[in-house]
There are 2 protein chains.
Amino acid sequence: MCKLIEGGVCAAEGFRAAGIHVGVKTHAAWKKDVALIVSGVPCAAAAVFTKNVVKAAPIHVTKAHLADGTARAVIANSGNANACAPQGEENAERMCAAAAKAVGCAPEEVLVCSTGVIGQTLNVGVIEAGLPELYAALERSPEASDAAAHAIMTTDTVTKELAVEAQVGGKTVHIGGIAKGSGMIHPNMGTMLCFLTTDCAISAPMLDAALHEVVAVSFNRISVDGDTSTNDTCCILANGLAGNGEIREKGDDYAAFVRALEDICVRMARKMAKDGEGAKHLVTCTVSGAKSEGQAEAVSKSVISSTLTKAAIFGCDANWGRVLCAMGYSGENFNPEKVDVRFRSSAGEILVCEQGRGLAFDEGLAKTILTEDEVEILIQMGEGDGSCTCWGCDITYDYIKINGDYRT
Amino acid sequence: MCKLIEGGVCAAEGFRAAGIHVGVKTHAAWKKDVALIVSGVPCAAAAVFTKNVVKAAPIHVTKAHLADGTARAVIANSGNANACAPQGEENAERMCAAAAKAVGCAPEEVLVCSTGVIGQTLNVGVIEAGLPELYAALERSPEASDAAAHAIMTTDTVTKELAVEAQVGGKTVHIGGIAKGSGMIHPNMGTMLCFLTTDCAISAPMLDAALHEVVAVSFNRISVDGDTSTNDTCCILANGLAGNGEIREKGDDYAAFVRALEDICVRMARKMAKDGEGAKHLVTCTVSGAKSEGQAEAVSKSVISSTLTKAAIFGCDANWGRVLCAMGYSGENFNPEKVDVRFRSSAGEILVCEQGRGLAFDEGLAKTILTEDEVEILIQMGEGDGSCTCWGCDITYDYIKINGDYRT
């Protein structure tokens, strides 16, 4: 585990951020709705996007701007996803152009993201009008990171900010980031945005490889509701100001960087799962003893995605039958009669299913364990040595409430 | 559409049914928990089972008893799934043996099903003790069908019974049935049991072919919550008493029988979706203009399974963005810019998305349309002439409540 530090997306040298209200969120003038993150110098840049066939306009624009593997800035708004909306790409390009003008760089050096309601025309005019104020607010401070984190929130109840430091090539490098959830979170990205910054010197191809490697074992292992959004983006800017020798190939330095990146991304993923829409519990499902890591991952994802398992966790009900059932429709083949299931939290641990059969267990203790905010489902499959951990949350009345009337 | 008739699972000649309380459901002595269906003469029989890798014990027993394609009776209990439970197959065999003894047939002529909580030992003793009373209650009447339908309910709020008549080979044949939902309902069967009886004369191989053909376009096109259970079974007994020439190959008579079977199964599937746990809306999603029926089916299933779409329907919110998004992660490739989306109910019809872009529409009218109990999502993909209809329901506070504390 890396050392956690302050500063969020501004923790790395040379990065400033800001978040203000410009009017995309029309019903809540106190809610920030546009964020800007800027590096003082050009950066290597990489991103991972949603696999949804229906992709929001900013994704197409950001992909195009990333063609040369460089960037200087990220602009993002909340309140409108700019997906399936008239003039989508035109408006996304206008956001980049306005940010570029303020920053003093080319529009192609700006990445753009949006999150919010699908299908409504983005009021890009208010973003353009607000850009001078947004640019003026840029700072390198924890407060500035916090403002940017607020500006990308939709139904999130808390901001998600993290920063870590690590040793790479004999230098101290920093990786920081902000992110937002919190519905439509599912393996292969949900409606999540995550903006990462680092002062590590690393080539664009290596940065791209590291980001893909890490997203596969962090953000792609969380699920809130099984819905994969049109807008998901995780991007990273690396400006090299830490002074380490640029990472240009896979070696010790690359491995050290990936370890630090994985550390921050797994922590961020857990924050997203824990703040899933309406969630009361963070659910961690660790599968071990599978035939392979791939099998363990498929089984674990199936369990954390199971609506019935999620409802049982909400009710603090040790209904391990739901767990076994979700394993059974994961698409993986295994012998149910080798499966052990345990529940664990800071309040204790309890074995509820052994060799595929229910045990008589202490229901009071099980309830106490499952009443904690963070609960673990531990599955031993007895088939091999593959293991994997995925993260999810429970499904609650509030989830239904939030999503029953999301647009209004 | 076939003519609907009275009588449920007793509508076909020669079938009697009963349902009583014997004590599997310990907390509710007024709730029936064991059902028996018996044909006066031997029947051709066929069944379709869950694809979940974790299969309940009765499924293994029923499969074995169906090896010769014949059966005389079905015994089923609710309150305990006899899945992942000690002595599972032994207890399922004991149910068959007890039923066989009462009926006067071989245990191998009895099919067995269970539904309810997973992982607890089935109290087979109370079923054995209750069998004389159950057998004595057998009748051929709508009331008897109703009693059997009650005896297989878990969280269902209404019984599901249907019967139709059709002309096959110049004779009037009858197909009747009872079924139960209502959570864990998902393509490839949910926790559903469906027992069908017919007096049509049809060989076991043809009955098996017909049942598989029809299940694929009825029960496998409904989803309540994306969970596929360990116990799902749809079985059919055909005793030949209608006097038609036995159907031994695929021809006009087979086609007529399949049409009637499809009619009753689609109606039954809709009943299950409508009575999904906590559901307030039956949601019908019809996709047309797809490249193939397979693509239309994949897209339609993705839409009806989307938790966010289901939450929007609960809120009577015309959030077509959720629909497009769910189409996008269906795994199918298509051009979002050709997609039109409409909502329809008995209160009217409204186009909300045209060529992948949102339209300004009358929100008041949309709300009125979506406030009806039965709503349709109509999707035109503009890619070809494949079409498919699937059925689901909304997700509600009550779903969470029911499943947050299902075991107690």
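Refer to the structure presented above.
Residues numbered from 1 in each chain as written. Chains lettered and ligands numbered in written order. Predicted model: local features only at pLDDT ≥ 70, side-chain atom pairs only at ≥ 80, totals over all residues. Heavy atoms only, no water.

**Q** Can you break down the overall build of chain A residue by residue, with the values?
**A** A count of helices and strands for chain A gives 11 helices and 16 strands. Its C-alpha radius of gyration of 21 Å places chain A within 12% of the 22 Å reference for a compact globule of 408 residues. Referenced to the eigenvectors of the C-alpha coordinate spread, the extents of chain A come out at roughly 70 × 50 × 35 Å. When each of the 408 residues of chain A is scored for burial, the buried share is 63%. In chain A, of all internal contacts separated by at least 6 residues, the share reaching a separation of at least 24 is 79%. (Helix = DSSP H or I, 4+ residues; strand = E, 2+ residues; numbered from the N terminus. Rg over C-alpha atoms; globule rule 2.2 N^0.38 Å. Buried < 20%, exposed > 50% of the residue type's maximum accessible area, 1.4 Å probe, protein only. Contact = heavy atoms within 4.5 Å.)

**Q** So, the relation of the copies chain B and chain A: which residues are in play, and what are the values?
**A** Note on the copies: chain B fits chain A at an RMSD of 0.0 Å, the axial shift is 0.0 Å, and the rotation between them is 180 degrees. With respect to symmetry, the two chain copies, as superposed, fit the operation of a two-fold axis. Closest approach to the rotation axis within chain B is made by the C-alpha atom of Tyr397 of chain B, at a distance of 2.7 Å. A shared interface surface links the copies, since 98% of the contact residues of chain B are contact residues in chain A too. (Least-squares fit on C-alpha atoms with pLDDT ≥ 70 in both.)

**Q** Please give an account of the packing of helix α8 (residues 307-314) of chain A against helix α9 (residues 320-328) of chain A that cites residues and values.
**A** Residues and elements named next belong to chain A. Contact geometry of α8 with α9 gives a least axis separation of 8 Å together with a crossing angle of 160 degrees. In terms of axis orientation, α8 runs roughly antiparallel to α9. Crossing handedness for the pair α8 and α9: left-handed. Residue-level inspection shows Leu308, Thr309 and Ala312 of α8 in contact with α9, the latter providing Arg322, Val323 and Ala326. (Axes fitted to C-alpha atoms, helices over the stretch in contact; angles between N-to-C directions. Parallel < 35°, antiparallel > 145°, perpendicular 65-115°, else oblique. Left-handed = near helix turned anticlockwise from the far one by under 90°.)

**Q** Describe the pattern of salt bridges, with residues and values.
**A** Residue and element names in this part refer to chain A. Scanning the model with the defined rule gives 33 salt bridges over all chains in all. Note that Glu374 and Lys274 form a salt bridge whose closest N and O atoms lie 2.8 Å from each other. Taken together, the residues Glu374 in strand β15 (residues 374-380) and Lys274 in helix α6 (residues 252-274) connect sequence positions 100 residues apart. Assessed through its relative accessible area of 35%, Glu374 is described here as partly exposed. Of the charged contacts in the structure, one is a salt bridge between Glu349 and Arg342, with a shortest N-O distance of 3.1 Å. On the basis of relative accessibility, which here comes to 40%, the residue Glu349 falls in the partly exposed class. Each of the salt bridges in this network shares a partner with another, and the network as a whole consists of Arg221, Glu293, Glu297 and Lys301. (Salt bridge = Lys/Arg side-chain N within 4 Å of Asp/Glu carboxyl O.)

**Q** Could you give me a rundown of the nonpolar core, with the residues and numbers involved?
**A** Leu196, Phe219, Phe257 and Leu261 of chain B are the most contacted members of the largest nonpolar core, which has 45 residues in total. Of all the secondary structure elements, the ones that give two or more residues to this core are β3 (34-49), β6 (160-168), β7 (171-180), β8 (193-198), α5 (204-216), β10 (233-238) and α6 (252-274) of chain B. Considering every element that reaches this core, the biggest residue donor is α6 of chain B, with 13 residues. Formed by 44 residues, the second largest nonpolar core is a distinct cluster that contains Leu162, Phe219, Ala256 and Ala260 of chain A. (Core = buried A, V, L, I, M, F, W, Y, C linked by side-chain atoms within 4.5 Å.)

**Q** Mind laying out the interface of chain B and chain A, listing which residues take part and the relevant values?
**A** The interface is formed by 55 residues belonging to chain B together with 54 residues belonging to chain A. Around 4,400 Å² of area is buried between chain B and chain A when both sides are counted, 59% of it from carbon and sulfur atoms. At the surface where chain B touches chain A, the tally comes to 0 salt bridges. The interface formed by chain B and chain A includes 8 residue pairs in polar contact (both at pLDDT 80 or more). The set of elements that each furnish at least two residues to the side of chain B that touches chain A consists of α8 (307-314), α9 (320-328), β14 (357-358), α10 (363-370) and α11 (397-404) of chain B. In terms of residue class, the side of chain B that touches chain A is made up of 24 nonpolar, 18 polar and 13 charged. (Buried area = accessible area lost by both parts, 1.4 Å probe. Polar contact = N/O pair within 3.5 Å; in protein donor to acceptor, adjacent residues only side chain to side chain. Nonpolar A, V, L, I, M, F, W, Y, C, P; charged D, E, K, R; others polar.)

**Q** Lay out the environment of Ser300 of chain A in plain terms, naming residues and giving numbers.
**A** Residues and elements named next belong to chain A. Within the secondary structure layout, Ser300 lies in helix α7 (residues 293-305). For Ser300, a relative accessible area of 0% corresponds to the buried category. Between the C-alpha atom of Ser300 and that of Ser330, which follows or precedes it by 30 residues, the distance is 8.5 Å. Those residues in contact with Ser300, other than ones at most four positions away along the chain, are Cys285, Val287, Cys388, Thr389 and Cys390.

**Q** Run through a negative patch on the surface, naming residues and quoting values.
**A** Residues and elements named next belong to chain A. Taken together, the side chains of Asp68, Glu89, Glu93 and Glu108 make up a negatively charged region of the molecular surface. Looking at the element boundaries, Glu93 is found in helix α2 (residues 88-103). For Glu93, a relative accessible area of 35% corresponds to the partly exposed category. (Patch = residues over 30% accessible without salt bridge, like charges linked within 9 Å, V, L, I, M, F, W, Y side chains within 5 Å. Areas by Shrake-Rupley, 256 points an atom, 1.4 Å probe, with all protein chains shown as cover. Lys, Arg positive; Asp, Glu negative; His and termini not counted. Charge placed at Lys NZ, Arg CZ, Asp CG, Glu CD.)

**Q** An account of the sheet that holds strand β16 (residues 386-393) of chain B is needed here, citing residue identities and associated values.
**A** Residues and elements named next belong to chain B. Strand order in this open sheet of 7 strands is β9-β16-β11-β15-β12-β13-β14, and the pairing throughout is mixed. At either end of the open sheet lies a strand with only one pairing partner, and these are β9 (222-223) and β14. Pairing analysis gives 5 bridges linking strand β12 (residues 340-345) to strand β13 (residues 348-354), with the strands arranged antiparallel. Pairing of Phe343 across the sheet is with Ile350, part of β13. Along the sheet face, α6 touches β9, β11 (282-290), β15 (374-380) and β16 and points at about 40 degrees away from the line of β16. (Pairing = 2+ DSSP bridges.)

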